[in-house]
Amino acid sequence: MGLVKKLKNKDEDAYQYIMNKYQNIFMYMANKTLHNHEDSLECVQDIFLKVYMHIDDCIEDDKMLNSWIFTIAKRQICDYKRKQACKEKLLFTNNELVENISDFEYKDNYMLDELKDFIGEEDFELLTYYIVGKLTFKEIGLITDEPYYKVSKRIKLIYEKSK
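Residues numbered from 1 in each chain as written. Predicted model: local features only at pLDDT ≥ 70, side-chain atom pairs only at ≥ 80, totals over all residues. Heavy atoms only, no water.

A. Examining the overall build of the protein chain more closely. Counting its secondary structure elements, the protein chain contains 8 helices and 0 strands. When the 163 residues of the protein chain are sorted by exposure, 31% land in the buried category. Restricting the contact set of the protein chain to residue pairs at least 6 apart, pairs at least 24 apart contribute 62%. Accessible area for the protein chain stands at about 11,100 Å²; split by element, carbon and sulfur atoms hold 54% of it. (Helix = DSSP H or I, 4+ residues; strand = E, 2+ residues; numbered from the N terminus. Buried < 20%, exposed > 50% of the residue type's maximum accessible area, 1.4 Å probe, protein only. Contact = heavy atoms within 4.5 Å. Areas by Shrake-Rupley, 256 points an atom, 1.4 Å probe, with all protein chains shown as cover.)

B. Expanded view of the pattern of salt bridges. One pass over the structure, following the stated rule, counts 7 salt bridges. A salt bridge links D56 to K10; the shortest N-O distance between them is 3.8 Å. Separated by 46 residues along the polypeptide, D56 in helix α3 (residues 37–58) and K10 in the loop between α1 (3–8) and α2 (12–34) bring together distant segments of the chain. Among the residues examined, D56 registers a relative accessible area of 41% and is labelled partly exposed. Residue E146 pairs with R154 through a salt bridge whose shortest N-O separation is 2.5 Å. By sharing partners, the salt bridges in this structure join E122, D123, E146 and R154 into a single network. (Salt bridge = Lys/Arg side-chain N within 4 Å of Asp/Glu carboxyl O.)

C. Representation of the packing of aromatic side chains in the model. All told, the structure shown has 6 aromatic pairs when counted by the stated rule. Residues F26 and F70 carry aromatic rings whose centres are separated by 5.2 Å and whose planes lie at 75° to one another, so their mutual orientation is edge-to-face. With a gap of 44 residues between them, F26 in helix α2 and F70 in helix α4 (residues 62–103) connect regions that are remote in the sequence. Taken together, Y22, F26, F48 and F70 form an aromatic cluster joined through their ring pairs. The ring of Y52 has K10 sitting right over it, with the charged end atom 4.3 Å from the ring centre. (Phe/Tyr/Trp six-rings, centres within 6.5 Å; stacked < 30°, edge-to-face > 60°. Lys NZ or Arg CZ within 6 Å of the ring centre and 35° of its normal.)

D. Quick peek at the packing of helix α6 (residues 121–132) against helix α7 (residues 137–144). With their axes 10 Å apart at the nearest point, α6 and α7 run at an angle of 140° to one another. What the angle tells us is that α6 and α7 run oblique. Considering the relative orientation of α6 and α7, their crossing is right-handed. Contacts between α6 and α7 involve L126, Y129 and Y130 from the former and F137, I140, I143 and T144 from the latter. Grouping the constituent residues of the contact of α6 with α7 by class yields 6 nonpolar, 1 polar and no charged. (Axes fitted to C-alpha atoms, helices over the stretch in contact; angles between N-to-C directions. Parallel < 35°, antiparallel > 145°, perpendicular 65-115°, else oblique. Left-handed = near helix turned anticlockwise from the far one by under 90°. Nonpolar A, V, L, I, M, F, W, Y, C, P; charged D, E, K, R; others polar.)

So yeah, pure geometry; function would need other evidence.
Rendered as structure tokens:
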């Protein structure tokens, strides 16, 4: 039985073989790109998770396995790099936000707390990304792991709810 068939049958030994074979090279690639060991570890775990979840959808031939796995790795590392850039942009914006909020009078802070209570913590966070962070729906989606169209829909609903 070929390796792809074993992987499709969820053979643990086959997955262990794949992880042993590719883990070091993927860690090297991720560290080289992300410059953060924790993000690299998480990214590599996500690469193997995607292989596990999508093996049934994609390939039939053992000859294509190597390039298919490397394509997943390359895309996953790029996604993590984009997420890092969005988070760095947001962290900078949040530092500005904290400085600006501390300048508000108590009444203004109370209004923000009221809004947060009214729309909920998650929606308040989305609104902060969108308004204060000036992030696009796609950038917010990368941070929250949601498709951009769902982010767009949620933000529109938040606006409607808060009117």
